[in-house]
Structures are given as structure tokens and as C-alpha cells.
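# Residue-level structural notes
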Amino acid sequence: MSPKKKTPSAKLVKGMKDIVPAEQLIWDFVREKVKSAARDYGFTRIDTPIVEFTQLFKKSTGEDTDVVSKEMYSFVDQGGDRLSLRPETTPSVVRAYIEHGMLNQPQPVKMFYIGPQFRHDKPQAGRYRQFWQFGFEAIGDVDPIIDAQMIVMNYDILQDLGLDTEVQINSIGDKSCRPKYLKALTQYYKDKKKDLCADCTKRLVKNPLRLLDCKVKGCQELAAVAPQMIDYLCEECNKHFTAVLEYLDEAEVKYNLNPKIVRGLDYYTRTAWEIVEANEEGKLQALGGGGRYDELVGLLGGRGDTPAVGFAMGMERIINKMKEKQVELPAPRRSDVYIAQLGAEARRKGLKLLMELRRGGLTVSEDLSKNGLKGQLELADKKCARYALILGQKEIVDETILIRDMESGVQETVDYKKVVKEVHKRLASQLTEKCLKIKKMKKS
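Now for a look at the structure at hand. Keep in mind that what you see is a predicted model, and the values were worked out from it rather than measured.

Helix and strand counts for the protein chain stand at 15 helices and 16 strands. Here the C-alpha atoms of the protein chain give a radius of gyration of 28 Å, more than 25% beyond the 22 Å that 2.2 N^0.38 yields for 444 residues. Across its three principal axes, the protein chain shows a C-alpha extent of roughly 90 × 70 × 50 Å. A total of 444 residues make up the protein chain; the buried ones form 46% of that total. Pairs at least 24 apart in sequence give 70% of the contacts found in the protein chain among residues at least 6 apart. When the accessible surface of the protein chain is summed, it comes to about 24300 Å², and 51% of that surface belongs to carbon and sulfur atoms.

A word on the sheet that holds strand β3 (residues 74-76). Here we have 3 strands laid out as an open sheet, ordered β2-β4-β3, and antiparallel in their pairing. For this open sheet the edge positions go to β2 (51-53) and β3, each flanked by a neighbour on one side alone. Going from strand to strand, the sheet's axes swing by 35° on average, the running direction of each strand aside. Relative to strand β4 (residues 82-85), β2 is paired through 3 bridges, and the arrangement is antiparallel. Along β4, the bridge assignment pairs F53 with L83. Across the sheet, helix α2 (residues 54-62) touches β2, β3 and β4, and the angle it forms with β2 is around 70°.

Attention shifts here to the pairing of strand β6 (residues 130-139). Here β6 lies mainly inside the structure; 8 of its 10 residues are buried. Inspection of the sheet shows strand β5 (residues 109-118) paired to β6 by 10 bridges, in the antiparallel sense. Bridge pairing in β6 places P116 opposite W132.

As a further point, take the nonpolar core. Soluble globular proteins tend to pack their nonpolar side chains together in the buried interior. Core analysis: the largest hydrophobic core is formed by 44 residues, its most contacted members being I139, Y189, L196 and L212. Breaking this core down by element, the ones donating at least two residues are α2, α4 (90-99), β5, α6 (178-190), α7 (198-206), α8 (217-224), α10 (296-299) and β11 (308-314). When neighbours within four sequence positions are excluded, I139 is seen to be in contact with V93, V94, Y97, Q107, P108, V109, M111, Y293, V297, T306, P307 and A308. Among the nonpolar cores identified, the runner-up in size contains 41 residues, and I26, F29, I151 and L163 belong to it.

Turning to a negative patch on the surface, a few remarks are in order. A grouping of E246, D249, E250 and E252 is seen on the molecular surface, where their side chains present a negatively charged patch. In this structure, E246 sits in helix α9 (residues 235-251). A relative accessible area of 51% means that E246 is categorised as exposed.

Quick look at a nonpolar patch on the surface now. A surface patch of nonpolar side chains, amounting to about 210 Å² of accessible area, comprises I50, V51 and F75. Relative to the helices and strands, F75 resides in strand β3.

What follows deals with the sheet that holds strand β13 (residues 364-366). The strand order β13-β12-β14-β15-β16 describes an open sheet built from 5 strands, whose pairing is mixed. Pairing within the sheet leaves two strands with one partner each, and these edge strands are β13 and β16 (411-415). Shown here is a sheet whose adjacent strand axes are inclined to one another by a mean of 30°, direction ignored. Pairing of strand β14 (residues 387-391) with strand β15 (residues 400-405) involves 4 bridges; the strand directions are antiparallel. Its bridge partner being in β15, I390 is matched across the sheet by L402. Against the sheet, helix α13 (residues 373-382) touches β12 (337-341), β14 and β15, its axis set at about 170° to β12.

As a further point, take the side chain of D367. Along the polypeptide, D367 turns up in the loop between β13 and α13. The exposure class assigned to D367 is buried, which follows from its relative accessible area of 16%. Each residue touching D367, except ones within four places of it in the same chain, is listed here: Y338, I339, Q341, Q376, L379 and K383.

Moving on: unusual backbone geometry. The step from Q107 to P108 runs through a cis peptide bond, and the omega angle for that step is 0°. Considering the arrangement of structural elements, one finds P108 in the loop between α4 and β5. Here E252, not a glycine, exhibits a phi torsion of approximately 60°, which is positive. Mapped onto the secondary structure, E252 falls in the loop between α9 and β8 (255-257). A positive phi angle is found at E399, which is not glycine, with a value near 55°. Relative to the helices and strands, E399 is located in the loop between α14 (393-398) and β15.

Burial analysis of strand β7 (residues 166-171) places 5 of its 6 residues in the buried class, the great majority of the element. Bridge count for β7 against β8 is 3 bridges, and the pairing is parallel. Bridging across to β8, Q168 finds its partner in N256.

Let us now look at α6. The first and last C-alpha atoms of α6 sit 18 Å apart over 13 residues, in line with the 18 Å expected at 1.5 Å per residue. Taken as a whole, α6 has its buried residues at R178, Y181, A184, L185, T186, Y188 and Y189.

Procedures and definitions
Residues numbered from 1 in each chain as written. Predicted model: local features only at pLDDT ≥ 70, side-chain atom pairs only at ≥ 80, totals over all residues. Heavy atoms only, no water. Helix = DSSP H or I, 4+ residues; strand = E, 2+ residues; numbered from the N terminus. Rg over C-alpha atoms; globule rule 2.2 N^0.38 Å. Buried < 20%, exposed > 50% of the residue type's maximum accessible area, 1.4 Å probe, protein only. Contact = heavy atoms within 4.5 Å. Areas by Shrake-Rupley, 256 points an atom, 1.4 Å probe, with all protein chains shown as cover. Pairing = 2+ DSSP bridges. Axes fitted to C-alpha atoms, helices over the stretch in contact; angles between N-to-C directions. Core = buried A, V, L, I, M, F, W, Y, C linked by side-chain atoms within 4.5 Å. Patch = residues over 30% accessible without salt bridge, like charges linked within 9 Å, V, L, I, M, F, W, Y side chains within 5 Å. Salt bridge = Lys/Arg side-chain N within 4 Å of Asp/Glu carboxyl O. Lys, Arg positive; Asp, Glu negative; His and termini not counted. Charge placed at Lys NZ, Arg CZ, Asp CG, Glu CD. Expected span 1.5 Å × (residues − 1).

Laid out in C-alpha cells, this is it:
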């Protein structure tokens, strides 16, 4: 009879996920692509606290949204303040824009972030209660080219990550034309109230626009033939949306007009979009989205006529999609050198050598707790180090070090004080040889 499996006393909280070392290669790949796009498009990073006053999200995201009414992690702290773990980052970025006087900087202020969000949602594949997003915000400019730039960048990042995506886009108008549309939408749904799900029955009274966003099949069928916002746009909103689409046409971004894209949060105006890709069954899956939110800065106490636009993408969803499509990742960077040591004194010196090599601009790997040269050289080979630096008792006495080329096996003794210079010299020589080989191959 096999022994009973012991249940660990320390367990992961439901809906949370560890990103273990083996997963970090793909996560770092995504992070680097986001940072690269941010540099190219002129965005600088902002990091806001995970904890904010609950009122920030009630005012911005909306008390009647599922996010605030059902999913937020909220608590009262020891000082009596009502606080929440952020369910999204846009309100925090806008708060920081106001609080740090960024209105006085050249507009638009372009910022990006990478970080965790928290929602007490039902855990399922690709959806966690702590989930990671990257996002971009441009605050302070109403020009439709800013909307187009955000969509192009959003699309561009996902193309760089090996995903063939499509933009689903709509305009949800503004305070001058949306009330007329909401009246028509409410009128349409009044006679169909008995066919709505429980949540949509509440939305009909509190937030009719969200009726178009429901995922329940019966509600989706009703939404498919509901009045469309695009038919109610005022002249300014129509002109703005037409310009955005013309810019996307020029950039050759794949998009589809979708009247059901309204985004789930209260603060959106005008342009709204989602980025989607088909799964294995051909069903479209949203990886994230964004939109314009021209009223949010004023709502949170800033100058009332400050326009803004932004987007956020779910990193877990993107990474799952990359795995599904078997996107090829770059090989991990090879170590320049591996420190191999023999004996207690060599181990002590090896620790200092590690620091000196890093300060000299070299990437280093080691296993200083290991004994035996053969085993250490095998590990150096597994780690794809270009050179092994061998330090034993003889080398310590002679104040030398042995440099071993891990590909050819050729070894040479050099002055210990010149080791950083010698390694750099050999790396440069390797690079020159590689370039010459490439040139010869091209000529032939």
C-alpha cells in the first residue's frame, strides 16, 4: 500500500499564481517588448501603489460596475481609512497626473506601466484574482491621431510577440450625443426585460450601455439587433471617429467595426477598442483593450477639459496565447565566463573574482558551493559559458588564472590582474571571426 500523500501546510491562495523561474523567460520576453515599444513611441514608466483609497475607484470605475460592486478587494486599515487593492491602474495614473502637477508639463504626458491588479473574480483558465497587465496612457491631447497611435502601438506590440490579432473598434460618443442614444437603447430593452439575465435587469436601470457587453447568450442575441451608437453620434464625435479610422487605414492595421464594443467601465468616451485573436476553435478571445476617457481627469478633481486615451493588456492571456501558438523565444543570454575553483582558498578568492568580473562588464555564472573540476566544467558547458576561469592552489600561489575556451578546449595561463582585459580581448576576437564568417557566406 503506497503511503498517503502529505498535504502541504503552506498553500497558494485560490485564484493566485506563482510565476516560477522556468516561466520567467517568456515573461521577460513580453516585458522587454513592452519596454522597447515604450521607448520607440516616447512613453516613460510610472509605478503607482497597489493600494489606493476605495473612493478613487468608486468615482472613476463606477459604483454600479461589477468591478467595484462585486470584485474589489477592499478593507479598513488600522487608521480607519477605506482602502482597496487596485482592480485596474488607469485611475491611479490619472490621480498621479493630477497630484504631481503634470498638467504643467508638455502635453500629452505619455506614461506606461507593468504591474499586478486584483479582482475577486471566478478563477478560470488564463484568469486569476491577481493578474498582470501592461498599459499605456496619453493624457492631455484630444487629437484623433493620439487615439490612432495608441491603437497602432497596441497592435504593433502584439505583432512583435508573434500574435496575429485584429482590432475591434467602436465609438461610444460623449455627453452631448450619448444621452439620446441611451434613451433609444433603454426603450428597445424595455419590452424585452423578461428575456434579460439578472445582471442585465439591473444594468437597464443603472448603466444601459453595459447591456451590449453581456456575455450571456440570450443577452448577446438581443444586443446583436439593438440600436447602434454610431447612428447617434454628433458631428464632432463622428468627425473624430472617421479620422481615427482613416489613420488606421493608412497604417494598414486590421480592424473591424463592432457596435458591441463599449468597454466595461464608466469613464470611457468616444473611441473604444478591443484587441482579439481567434482561439483553436475559431472563437475570438479578447487580449485587452482601451479607449478615450476625456472626462476622467475632471471627475477626479483635475482640470475638467483634460482629454486622455489609454489601453491595458492582460499578460497571462497573451502568454497563454503565445504558448498555444508555440511562439519561438530568443535563447537565454550566454555567460561570458564561468568561475571554476578548487580548494577553500580558491573558493574565497572566487567570490571576490565574481564581483570584479561583474564590475568589469562581464556576465558571470558559477557554482561556488561545488567541489571537483570535472563537475564544474560540465556545469559550465550546460550553462553555455564561453570561457571557464579555473582557479586552484597553484594559480593562487602564482597569482595567475587559467582561461579555458569552452568550445575548443584550449587553455592558457594569464596574469590574475589582467583577467578582465584578457576575457574582453578574446570576446572581441570571437565577434570579429563571426563577422568574417558571415561575410564569406554572403559572398559565396
